[in-house]
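Descriptive analysis of the structure
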Amino acid sequence: MAVVEAQPTKITAVVRKRRFSRLGVVLTQVGILAAILTVWQFAVTDASLPYFSRPSLIAAKLYELLTHHDIYRHMSVTLAEIAMGYSLGAVIGLSLGFILGRSQFLSAALQPYIIGLYSIPKIALAPVFIVWLGLGIASKVAVVFVASFFLVFFNTYSGLISINEELVRLARLMGASWPQTVARVILPAAAPQIFLGLRTAVPYAVIGAVIGEYIGSSEGLGYFILYASQTYDAAALFAGIIILVAIVFMANFGLNGLEGCVIRWRKAGGQTVQL
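Definitions and limits used
Residues numbered from 1 in each chain as written. Predicted model: local features only at pLDDT ≥ 70, side-chain atom pairs only at ≥ 80, totals over all residues. Heavy atoms only, no water. Helix = DSSP H or I, 4+ residues; strand = E, 2+ residues; numbered from the N terminus. Buried < 20%, exposed > 50% of the residue type's maximum accessible area, 1.4 Å probe, protein only. Contact = heavy atoms within 4.5 Å. Areas by Shrake-Rupley, 256 points an atom, 1.4 Å probe, with all protein chains shown as cover. Axes fitted to C-alpha atoms, helices over the stretch in contact; angles between N-to-C directions. Parallel < 35°, antiparallel > 145°, perpendicular 65-115°, else oblique. Left-handed = near helix turned anticlockwise from the far one by under 90°. Nonpolar A, V, L, I, M, F, W, Y, C, P; charged D, E, K, R; others polar. Phe/Tyr/Trp six-rings, centres within 6.5 Å; stacked < 30°, edge-to-face > 60°. Core = buried A, V, L, I, M, F, W, Y, C linked by side-chain atoms within 4.5 Å. Lys, Arg positive; Asp, Glu negative; His and termini not counted. Salt bridge = Lys/Arg side-chain N within 4 Å of Asp/Glu carboxyl O. Expected span 1.5 Å × (residues − 1). Arc of directions from axis to C-beta.

Another point: the overall build of the protein. When its secondary structure is counted, the protein shows eleven helices and zero strands. Helices and strands in the protein line up, N terminus first, as α-α-α-α-α-α-α-α-α-α-α. In the protein, which comprises 275 residues, the proportion classed as buried is 34%. Sequence separation of 24 or more characterises 75% of the internal contacts of the protein that already satisfy a separation of 6 or more. Of the roughly 16600 Å² of accessible surface on the protein, a fraction of 70% belongs to carbon and sulfur atoms.

Okay, structure coming up:
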């Protein structure tokens, strides 16, 4: 009875310890941010750095932008480019990574071409896409696609080739069909690496959209930031950057939640207490 009753007590202690640890991390992060903003606010002056702006001015500009409708037009354009390009890159990257991860022949045959395409700087492809697809949204979606595809593909491929093949063969010997083996053995084993690729691709997708808008666009957050830099409006420039960072954080928050739902065994395993 004593051993049975000790288990919930130990689990509660572990959960409480983790909560305090997370709280400590959050407080440390907030303290670092507050220190940076404080130094920035009082150390920067118009005389020393006339176009650097200050956090108070950036906050005022951000509030001004968010209370007007024009910034939402730029946000909607950039979000549409990111959503379409990232979705295509994720789906095709996952599919191709899965196929090549399960086929040594295709992996060996296509490896030189994939490495060659990956070695091309993404910023160099943006003008090519504009020549091919024009100045509309299609060229920006193509840049976002390329920026996100390779990260999802390589992480998916890495997750597939690291799977213990003994588990796959064991599942097949026990009578599992190929779809059941994929759903219950292969994908769960590769899921952490797949989600790592999906999360890593988010900021690169945002960068791809901004690069495309830099090179040729009349709307979008990239165009807004470029225009602010050309007019020496540092507060608006930093406000646009903050909006982009917020988009990345919200996307990663959603992916973390999705990962927690898909990989439930990791959370359950993390709460296991050895007696």
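Where helix H9 (residues 221–230) meets helix H10 (residues 234–262), the closest approach of the two axes is 8 Å, and the angle between their N-to-C directions is 155°. Relative to H10, H9 is oriented roughly antiparallel. As for how H9 packs across H10, the hand of that crossing is left-handed. Contact with H9, carried on its side by Leu221, Phe224, Ile225, Ala228 and Ser229, involves Ala236, Leu237, Gly240, Ile241, Ile243, Leu244 and Ile247 of H10 and no other residues of that element. When grouped by side-chain class, the residues that make up the contact of H9 with H10 number ten nonpolar, two polar and no charged.

Next up on the list: the packing of aromatic side chains. Evaluation of the coordinates by the stated rule reveals eleven aromatic pairs. For the ring pair tyrosine 118 and phenylalanine 150, a centre distance of 5.3 Å and an interplane angle of 55° mean the geometry is tilted. In this pair, tyrosine 118 sits in helix H4 (residues 104–118) while phenylalanine 150 sits in helix H6 (residues 137–161), placing the two residues 32 residues apart along the sequence. On the basis of relative accessible area, phenylalanine 150 is assigned to the buried category, the value being 6%. Members of the aromatic cluster, connected to one another through ring pairs, are Tyr118, Phe145, Phe149, Phe150, Phe153, Phe154 and Tyr157.

Counting 41 residues, the largest nonpolar core has Ile71, Tyr86, Leu198, Val206, Leu221 and Ile243 as its most contacted members. Elements that contribute at least two residues to this core include exactly helix H2 (55–66), helix H3 (70–102), H6, helix H7 (165–173), helix H8 (178–215), H9 and H10. Top element by residues in this core is H8. It accounts for 14 residues. Setting aside residues no more than four positions away along its own chain, leucine 221 makes contact with Ile71, His74, Met75, Thr78, Glu213, Ile243, Leu244 and Ile247. Membership of the second largest hydrophobic core comes to twelve residues, among which are Ile114, Leu125, Val143 and Phe149.

Moving on, we come to unusual backbone geometry. Its identity is not glycine, yet tyrosine 232 carries a phi of approximately 60°, on the positive side. Among the structural elements, tyrosine 232 can be located in the loop between H9 and H10. Here tyrosine 232 falls in the exposed class, since its relative accessible area comes to 58%.

With respect to the element layout, glutamate 213 can be found in helix H8. An unpaired buried charge is present at glutamate 213: no salt bridge exists, and lysine 140, the closest side chain of opposite charge, is 7.4 Å distant. Those residues in contact with glutamate 213, other than ones at most four positions away along the chain, are Val77, Thr78, Glu81, Lys140, Glu219, Gly220, Leu221, Gly222 and Tyr223.

This next bit is on helix H5 (residues 122–133). Every α-helix carries 3.6 residues per turn, so stepping three or four residues along brings you back to the same face. Taking 1.5 Å per residue, twelve residues should reach 16 Å; H5 reaches 16 Å between its end C-alpha atoms and fits that length. Along H5, the positions that sit buried rather than exposed are Leu125, Ala126, Phe129 and Ile130. Buried residues in H5, looked at end-on, bunch into an arc of 145°, giving them a common side. Along H5, the residues that are exposed and aim more than 90 degrees away from the buried face are Val131 and Trp132. Each element contacted by the buried residues of H5 is listed here: H6 and H8. Phi turns positive one or two residues past the end of H5, at glycine 134, with a value near 90°.

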